[in-house]
Amino acid sequence: MKKKLFTIISLLTAQYSFAQENSPIKVSGYIETYYNYDFNQPSNNTRPNFIYSHNRSNELNVNLAFIKGSYQTERLRANLALALGTYMTANYAAEPDVMKNAFEANAGVKLSKSANIWLDAGVFSSHIGFESAISKDCWTLTRNISSENTPYYEAGAKLSFANNEQTFNATLLYLNGWQRIKRLDGNTKPAVGLQMNWKPSDKVVLNYSNYLGYEGENAVRTRRLYHNFYAVWQLSNRIGFTAGFDYGTQQIAKGTAEKKEILSPVMIARYVLSDQWAIAGRYEYYKDTQSMVVSAINPNFALNGYSLNVDYSPFKQALLRFEGKLYQGDDQFIRDNSIVNHNGSITASLALSF
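Scoring rules and cut-offs
Per chain, the residues get numbers from 1 upward, laid out in the order the sequence is written. Local features in this predicted model are restricted to residues whose pLDDT is 70 or higher, and side-chain atom pairs enter the listing and the counts only when it is 80 or higher, whereas totals over whole chains, interfaces and linings include all residues. Values reported for side chains reflect all heavy atoms of the structure, with hydrogen atoms and water molecules removed beforehand. A run of DSSP states H or I qualifies as a helix once it reaches four residues; a run of E qualifies as a strand once it reaches two. Both are numbered from the N-terminal end. We take the radius of gyration over the C-alpha atoms and set the globule estimate at 2.2 Å times the residue count to the 0.38 power. Note on classification: 1.4 Å probe, protein chains only; a residue is buried when its accessible area is under 20% of the maximum for its type, exposed when over 50%, partly exposed between these limits. Here a residue-residue contact requires only that any non-hydrogen atoms of the pair lie within 4.5 Å. Note on areas: Shrake-Rupley with a 1.4 Å probe; residue coverage comes only from the protein chains shown. His is not counted here, nor are the chain ends, while Lys and Arg score as positive and Asp and Glu score as negative. Throughout, a charge is located at the NZ atom of Lys, the CZ atom of Arg, the CG atom of Asp or the CD atom of Glu. Any N or O atom pair separated by 3.5 Å or less is treated as a polar contact, with the protein-specific requirement of one donor-capable and one acceptor-capable atom, and with residues adjacent in sequence counted only for side-chain atom pairs. A pocket here means an open set of points on a 1 Å grid, computed over the protein atoms alone, that has protein on both sides within 12 Å along at least five of seven lines. A cavity is instead a set of points where a 1.4 Å probe fits but cannot get out; residues with an atom within 4 Å of a point line either one. Grid points are joined across faces, edges and corners, and a volume is the space filled by probe spheres set on the points. Polar here means any residue outside two lists: the nonpolar Ala, Val, Leu, Ile, Met, Phe, Trp, Tyr, Cys and Pro, and the charged Asp, Glu, Lys and Arg; Gly therefore counts as polar. Stacked, tilted and edge-to-face are the three classes applied to pairs of Phe, Tyr and Trp rings, where Trp contributes its six-membered ring and a pair requires centres within 6.5 Å; stacked means planes under 30 degrees apart, edge-to-face means over 60, and tilted covers the rest. By definition here, a salt bridge exists when the distance from a side-chain nitrogen of Lys or Arg to a carboxyl oxygen of Asp or Glu is within 4 Å. Residues belong to a common nonpolar core when they are buried Ala, Val, Leu, Ile, Met, Phe, Trp, Tyr or Cys residues joined through side-chain atoms within 4.5 Å.

**A few points about the overall build of the protein**
Part 1: A tally of helices and strands in the protein yields 3 helices and 16 strands.
Part 2: Its C-alpha atoms give the protein a radius of gyration of 21 Å, within 12% of the compact-globule value 20 Å for 354 residues.
Part 3: For the protein, the proportion of its 354 residues judged to be buried stands at 42%.
Part 4: Residue pairs in contact within the protein that sit at least 24 positions apart in sequence constitute 56% of those at least 6 positions apart.
Part 5: Of the accessible surface of the protein, which amounts to about 18,000 Å², a share of 61% is contributed by carbon and sulfur atoms.
Part 6: Of the side-chain charges in the protein, 35 are positive and 29 negative, and the distance between the mean point of each set is 6 Å.

Right, here's the structure in full:
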């Protein structure tokens, strides 16, 4: 009976997969559960306020779960993904209720029959940084501080070009703001962005992205300019290295030349032990001493971060991860109602995709 049931399930799965491969409509899904232990033991079970992904402590929870439908033909494409989880709660808090679960909602048209030129509009993932909200696609379990404090998602329109070899692509973006679906009330200025990505070889990726926008209402709005650089080197089939550097400025007050500043380098090394096992280590530094983005306990926000994670993938669709992380920054954390200089945590996650 078990063998017969297995055969039926296998036939149904094969039929579903065949239909997916030959149809312009694809259905996919993802779920990541996690447990985090913060050694500073926050009373409200919430990690420090500059953390938005895997931000709940001492409880089993869902970081991100979504179901996604995609439509792709030669000249048209569209994506719709509805999501839930602590990532969505933390990042979409300012959005209208009807959009709080919109992980993706975009449509695009190819403008040329011969060239790879596309115009897309809607809600889509950010063009800044080398990490995304989908932990399974990243080298480390949790995100670095610069990824946490730049947009995870954007809303607007983008015009993109890729050469026939897919070794170079460039994108121009018109956006509603810094991680905003709904533009800030009282702010009539849109934001713009640029991304250029170059793959000089199969082992190297070079990227530059920027953002120019205005924060705050029209009467007091200030200009924000942000730059992101990163490079990925796959030194061999087993060893990879990623280096990123972020630099951002924002006017202190409208009409003045004086600026706030963000500076953030990050380095990650990854070693693949086998088809099932991998390890990765990360060092990061983040400096935002005038609260340009981060509202910290101590406004002189400057942190060093260190993390080490181990990955185990029993099969392609599943990934089990463990990570230890340490932040060090003068007077930046609270433990037992006292200001301390360190924050240590351990995180475990299980991610499944289909």
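**Some remarks on the environment of Gly-29**
Part 1: Within the element layout of this structure, Gly-29 appears in strand S1 (residues 25–38).
Part 2: Sequence-wise, Gly-29 and Arg-77 are 48 residues apart; in three dimensions their C-alpha atoms are separated by 18 Å.
Part 3: Look past the residues within four positions of Gly-29 in its chain and what remains in contact with it is Phe-66, Ile-67, Leu-352, Ser-353 and Phe-354.

**Some words on the side chain of Asn-91**
Part 1: In this structure, Asn-91 sits in helix H2 (residues 86–91).
Part 2: Within the local environment of Asn-91, its side chain forms a polar contact with the side chain of Gln-179, the two groups lying 3.3 Å apart.
Part 3: Setting aside residues up to four positions removed in sequence, Asn-91 forms contacts with Tyr-52, Tyr-152, Tyr-153 and Gln-179.

**Structural notes on the layout of surface pockets**
Part 1: If you add up the space inside the largest pocket, you get close to 1,400 Å³.
Part 2: As for the largest pocket, its lining consists of 48 residues, and the residues nearest its centre are Ser-125, Ser-126, His-127, Lys-158 and Gln-195.
Part 3: Listed by contribution, the elements that provide at least two residues to the lining of the largest pocket are strand S2 (60–72), strand S3 (76–84), strand S4 (102–110), strand S5 (116–125), strand S6 (153–162), strand S7 (168–175), strand S8 (191–201) and strand S10 (222–234).
Part 4: Taken together, the residues that form the lining of the largest pocket break down as 21 nonpolar, 19 polar and 8 charged.

**Some thoughts on the environment of Tyr-283**
Part 1: Looking at where Tyr-283 falls in the secondary structure, it is placed in strand S13 (residues 277–288).
Part 2: One polar contact links Tyr-283 to Asn-304, side chain to side chain, over a distance of 2.5 Å.

**Comments concerning the packing of aromatic side chains**
Part 1: What the rule picks out here adds up to 18 aromatic pairs.
Part 2: On the basis of an interplanar angle of 20 degrees and a centroid distance of 4.2 Å, the ring pair of Tyr-92 and Tyr-153 is categorised as stacked. Here Tyr-92, found in the loop between H2 and S4, pairs with Tyr-153, found in strand S6; they are 61 residues apart in sequence, far enough to count as distant. Tyr-153 carries the same exposure label as Tyr-92, and that label is buried.
Part 3: Between Phe-130 and Tyr-230 the ring centres are 5.6 Å apart and the planes differ by 65 degrees, which places this aromatic pair in the edge-to-face class. With Phe-130 in the loop between S5 and helix H3 (145–148) and Tyr-230 in strand S10, this pair connects stretches of sequence that are 100 residues apart.
Part 4: Taking relative accessible area as the criterion, Tyr-230 reaches 12% and is therefore assigned buried.

**Brief notes about the pattern of salt bridges**
Part 1: Taken as a whole and judged by the stated rule, the model has 11 salt bridges.
Part 2: Residue Asp-311 pairs with Arg-321 through a salt bridge whose shortest N-O separation is 2.9 Å. Placement of Asp-311 in strand S14 (residues 301–312) and of Arg-321 in strand S15 (residues 318–335) is noted, with a sequence separation of 10 residues between them. Pair check on accessibility: Asp-311 and Arg-321 agree, each one buried.

**Focus: empty space enclosed by the protein**
Part 1: Applying the stated criterion across every chain, the model contains 3 cavities of 30 Å³ or more.
Part 2: Empty space within the largest cavity amounts to approximately 80 Å³.
Part 3: Along the wall of the largest cavity there are 14 residues; nearest its centre are Asn-176, Gly-177, Arg-180, Asn-187 and Tyr-214.
Part 4: Of the residues in the lining of the largest cavity, the class split is 6 nonpolar, 4 polar and 4 charged.
Part 5: In terms of lining, the second largest cavity is formed by Gly-129, Phe-130, Asn-144, Ser-146, Ser-147, Thr-150, Asn-228, Phe-229, Gly-244, Phe-245, Asp-246 and Val-266.
Part 6: Contributions of two or more residues to the lining of the second largest cavity are made by H3, S10 and strand S11 (239–251).
Part 7: Looking at the lining of the second largest cavity, the element that brings in the most residues is S11, giving 3 residues.
Part 8: Looking at the lining of the second largest cavity, its residues break down into 4 nonpolar, 7 polar and 1 charged.

**Digging into the nonpolar core**
In summary, soluble globular proteins display a tendency toward joint burial of nonpolar side chains.
Part 1: Counting residues in each nonpolar core, the largest one holds 19 residues, and the members touching the most others are Phe-50, Tyr-211, Tyr-226, Leu-303 and Tyr-327.
Part 2: Residue assignment for this core shows that the elements contributing at least two residues are S7, S14 and S15.
Part 3: Not counting residues up to four positions away in its chain, the partners in contact with Tyr-226 are Ile-128, Ser-146, Thr-150, Trp-178, Ser-209, Asn-210, Tyr-211, Asp-246, Tyr-247, Gly-248, Ile-262 and Met-292.
Part 4: Listed in part, the 17 residues of the second largest apolar core include Ala-81, Met-88, Tyr-92 and Ala-155.

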